[in-house]
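# Results of the structural survey
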Amino acid sequence: MRDSNWRILTRPLIDDNPLTLQILGICSALAVTTSLDTALLMSLVVVCVLALGSGSISLMRSYIPHSVRIIVQITIIATLVIVVDQVLQAYAFELSKRLSVFVGLIITNCIVLGRAEGYAMHNGVVASTLDGIGNGLGYSLILVIVGALREFFGKGSLLNVQILTPTSQGGSFEPLQLMLLPPSAFFIIGGIIWYIRSKRPQQVEEPEFTLRRQQPESK
Amino acid sequence: MSEVIAKDTTRRALGVAVTVAFVCALLVSAVAVGLRPLQKANVEAERIAQLELVLEALSGIGRTLSIEGLDARIVELGSGKYDHSIEVSTFDAQSAAGKPATSTAIPADLDFAGIKRRARHARVYLVRDTDERIELIILPVYGRGYQSTLRAWLVLDGDTRTVRALKFYQHGETPGVGARIEEPAWEAQWRELPAYDDEGVLRIGVRLHAGAGDYSEFKVDGISGATRTTQGVDGMMRFWLDEFGFAPYLQRIREEQADAG
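Residues numbered from 1 in each chain as written. Chains lettered and ligands numbered in written order. Predicted model: local features only at pLDDT ≥ 70, side-chain atom pairs only at ≥ 80, totals over all residues. Heavy atoms only, no water.

### Side note on the overall build of chain B
Counted only if it meets this: The helix count covers DSSP runs of H or I at least four residues long, the strand count covers runs of E at least two residues long, and both are numbered beginning at the N terminus. Buried, partly exposed and exposed residues are distinguished by accessible area as a fraction of the type maximum, computed with a 1.4 Å probe on protein chains only: under 20%, between the cut-offs, and over 50%, respectively. By the convention used here, residues are in contact when the closest approach between their heavy atoms is within 4.5 Å. All accessible areas in this document rest on Shrake-Rupley with a 1.4 Å probe, and a residue is counted as covered only by the protein chains that are shown.
Looking only at helices and strands, one finds five helices and 11 strands in chain B. The 261 residues of chain B split such that 42% are buried. By sequence separation, contacts in chain B at least 24 residues apart represent 56% of the contacts at least 6 residues apart. With an accessible surface of roughly 13,700 Å², chain B has 54% of that area assigned to carbon and sulfur atoms.

Pasting the structure below:
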């Protein structure tokens, strides 16, 4: 049974979120979420790369020989990332400097290759593009939540608009320095995963190993 | 699913690989070339903005200046002389450093900055006081950091021996670690720092180990966790203030000042 287009687009938001269910793309999620604006830009870039990458790979899927498929996929993804990086440097220079290497590292973002190999190679162009957009949005959703929380509690601002006045400027808000360090993104993402899985227990994985019950000593 | 799976022959694999590579290369080249003017304009606007930052940082210790108050000059590094044959506004130090005709290989034992070649010329900026004496000398410096090239403005006092400021304007170091070279607290260490001792020997650098050590009055504290970046800054300073860097030029300024009385 094939999913409806709407379902393809929305399923990766929560039910099959690449970050919280598949735990992919964590590295960049830690790096670019110190503020909301970089998180938003990164989200936009990843959605574009995923949509175009999945779409074009799906378009070529019957021509790509099995033996070189990963190389071909990576070449296409790398091309898209470089193009997007160049566009950012031309039109969003300040932000692209703050994203620095992490735009280039989208090439190695497991979500992009994962969707190309796992979905676009076997599905039509429209479905693949929607799947790319959906997964991009799922990634974006988590990035925006984490970015907003980290910027708000770390700097007292959102999108660089100061909301709480920090104590250093005479206010009553003590910025949480931890929020600006990578571990805080781990904690927040962990919290989100815990919340989603407590609401949707079907996402909870079976433990691969269980502790063996200690056998009582036989007399 | 009834997918048409492509036949797996070597010829086909090669054909697809070459075609994809070619199309992708074409796309990347077209975008890179097409957007270059915009990117260059961005970099140029930023260079000027950074120069303004230097002026702003200096306004506390020096004078409030506008960009027009800066006297831009092209210096031939080897001789330390001004070179008037090169147009100041269009001189591109970065591309000059990349071309064999306009650059010089750096002897390996002098290449503290890890840059291998440097342009034969550099654009420097001078700030003069009301008596037309040189008050500040602003030099472009760069060197290899941990994972990127560090680029900075080095502001020297008119006495040519004291660092008044060091302002990084471009680098790609790790955020929160190496990128702390940009932080005001670290940059503040470069205020009023003597670079040469009384004999004129270059002593400036970054303290990379705990403890006072020798010549500590010439050194700033490194950044913990960013050893390679601060080593890069250390090498960069030692290179650009040395014989192969701006030392001949600074020597010439001193001679001119002595002649002028």
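Anyway, onward from the coordinates.
### Brief notes about the overall build of chain A
On a plain count of helices and strands, chain A comes out with nine helices and two strands. Counting only residues that meet the buried cut, chain A has 45% of its 219 residues in that class.

### So, the pairing of strand S8 (residues 162-170) of chain B
For a regular strand, side-chain orientation follows a simple rule: the groups alternate between the two sheet faces. Residue and element names in this part refer to chain B. Our working definition: A pair of strands is treated as paired once DSSP finds two or more bridges between them.
Of all nine residues that make up S8, eight are buried, and the element is covered over most of its length. Examined bridge by bridge, strand S7 (residues 149-157) and S8 share six bridges and lie antiparallel to one another. Paired with Leu156 across the strands is Val163, a residue of S8. The hairpin turn running from S7 into S8, its antiparallel successor, is four residues long, and Thr160 in that turn takes a positive phi close to 65 degrees. Pairing of S8 with strand S9 (residues 193-194), which is carried by two bridges, proceeds in the antiparallel orientation. Following the sheet pairing, Thr162 is matched in S9 by Pro194.

### Some words on the interface of chain A and chain B
Let me state the cut-off plainly: The term buried area denotes the loss of accessible surface (1.4 Å probe radius) that occurs when two parts are joined, taken as the sum for both partners. Salt bridge, as used here, is a side-chain nitrogen of Lys or Arg placed within 4 Å of a carboxyl oxygen of Asp or Glu. Here a polar contact is taken to be a pair of N or O atoms separated by no more than 3.5 Å, where protein atoms must pair a possible hydrogen donor with a possible acceptor and residues adjacent in sequence count only if both atoms sit in side chains.
Listed per partner, the contact involves 25 residues of chain A and 21 residues of chain B. In total, about 2,100 Å² of surface goes out of reach between chain A and chain B, with carbon and sulfur atoms giving 68% of it. The largest share of the area that chain A buries against chain B comes from A:Pro65, A:Gln86 and A:Phe93, three residues that together contribute 22% of it. Where chain A meets chain B, there are zero salt bridges. At the junction of chain A and chain B, the tally comes to three residue pairs in polar contact (both at pLDDT 80 or more). Listed by contribution, the elements that provide at least two residues to the side of chain A that touches chain B are helix H4 (69-91) and helix H5 (93-99) of chain A.

### Some points on the packing of helix H8 (residues 125-155) of chain A against helix H9 (residues 182-199) of chain A
Residue and element names in this part refer to chain A. For the record, the criterion: Under this scheme, a helix contributes an axis fitted over its contacting stretch, all axes are lines through C-alpha atoms, and angles between N-to-C directions fall in the 0 to 180 degree range. An angle below 35 degrees is treated as roughly parallel, one above 145 as roughly antiparallel, one from 65 to 115 as roughly perpendicular, and anything else as oblique. Should the near helix be turned anticlockwise from the far one by less than a right angle, the crossing is termed left-handed; should it be turned clockwise, right-handed. For this classification, the nonpolar set comprises Ala, Val, Leu, Ile, Met, Phe, Trp, Tyr, Cys and Pro, the charged set comprises Asp, Glu, Lys and Arg, and every other residue, Gly included, is treated as polar.
Where H8 contacts H9, the axes come no closer than 10 Å and their chain directions differ by 125 degrees. When the interaxial angle is binned, H8 and H9 end up oblique. Once H8 is placed against H9, the crossing between them reads as right-handed. Side by side, H8 and H9 meet where Ile142, Ile145, Val146, Leu149 and Arg150 of the first sit next to Pro182, Ser184, Ala185, Ile188, Ile189 and Ile192 of the second. Here the contact of H8 with H9 is built from residues that sort into nine nonpolar, one polar and one charged.

### Describing the pattern of salt bridges
Applying the stated criterion to the full structure yields 17 salt bridges over all chains. A:Asp16 is the salt-bridge partner of A:Arg11, the closest N and O atoms lying 4.0 Å from each other. In this structure A:Arg11 comes out as partly exposed when scored by relative accessible area, which is 22%. You can call A:Asp16 buried: its relative accessible area is 18%. We note a salt bridge from B:Glu187 to B:Lys167, for which the minimum N-O separation is 3.3 Å. Highlighted residues: B:Glu187 in helix H3 (residues 184-187) and B:Lys167 in strand S8, separated in sequence by 20 residues. Of the two residues, B:Glu187 and B:Lys167, both sit in the buried class. One salt-bridge network, held together by shared partners, links A:Arg7, A:Asp15 and A:Arg200.

### Things to note about the nonpolar core
Where we set the bar: As used in this record, nonpolar core signifies buried Ala, Val, Leu, Ile, Met, Phe, Trp, Tyr and Cys residues forming a set joined through side-chain atoms within 4.5 Å.
Residues B:Leu166, B:Trp190, B:Val233, B:Met237, B:Phe246 and B:Tyr249 are the most contacted members of the largest nonpolar core, which totals 47 residues. Going through the elements one at a time, strand S1 (71-76), helix H2 (93-98), strand S5 (121-128), strand S6 (134-144), S7, S8, helix H4 (227-240) and helix H5 (247-259) of chain B are the ones with two or more residues in this core. Discounting residues that sit within four places of it in the chain, B:Trp190 has contacts with B:Val163, B:Arg164, B:Ala165, B:Leu166, B:Ile204, B:Gly205, B:Val206, B:Val220, B:Val233 and B:Met237. Membership of the second largest hydrophobic core comes to 46 residues, among which are A:Val32, A:Leu41, A:Val72 and A:Tyr139.

### Some thoughts on the packing of H4(A) against helix H7 (residues 110-120) of chain A
All names here are of chain A. Between H4 and H7, whose axes approach to 10 Å, the crossing angle comes to 130 degrees. As far as their axial angle goes, H7 and H4 are oblique. For the pair H4 and H7, the crossing hand works out as right-handed. Only Val112, Leu113, Ala116 and Glu117 of H7 make contact with H4, whose side of the interface consists of Arg69, Ile70, Gln73, Ile74 and Ile77. Split by residue class, the contact of H4 with H7 holds six nonpolar, one polar and two charged.

### Quick notes on unusual backbone geometry
Negative phi values dominate among residues other than glycine, just as trans dominates among peptide bonds. Not every positive phi belongs to a glycine, and A:Ile23 is a case in point at roughly 50 degrees. Turning to its location among the elements, A:Ile23 is positioned in the loop between helix H1 (5-10) and helix H2 (26-31). Among the residues examined, A:Ile23 registers a relative accessible area of 41% and is labelled partly exposed. Positive phi, normally seen in glycine, also occurs at B:Glu192, with a value near 55 degrees. As for its position among the elements, B:Glu192 is in the loop between H3 and S9. When its relative accessible area of 46% is taken as the criterion, B:Glu192 is described as partly exposed.

### Re the side chain of B:Asp111
Residues and elements named next belong to chain B. Examined against the element boundaries, Asp111 turns out to sit in the loop between strand S3 (103-105) and strand S4 (117-119). Here the side chain of Asp111 touches Ile115 through a polar contact of 3.0 Å, landing on its backbone nitrogen. Once you skip the residues sitting within four places of it in the chain, Asp111 turns out to touch Ile106, Lys116 and Phe239.

### A word on the sheet that holds S7(B)
All names here are of chain B. Across the sheet, seven strands lie side by side as S2-S1-S5-S6-S7-S8-S9; this open sheet has antiparallel pairing. Each having just a single partner strand, strand S2 (81-82) and S9 make up the two edges of the open sheet. Taken together, the four bridges between S5 and S6 define a ladder with antiparallel strand orientation. Directly across from Tyr125, in S6, lies its bridge partner Ile138. Sheet strands in contact with H4 are S6, S7 and S8, and its direction is about 130 degrees off that of S6. Packed on one face of the sheet, H5 meets S1, S2, S5, S6 and S7 and runs near 170 degrees to S6.

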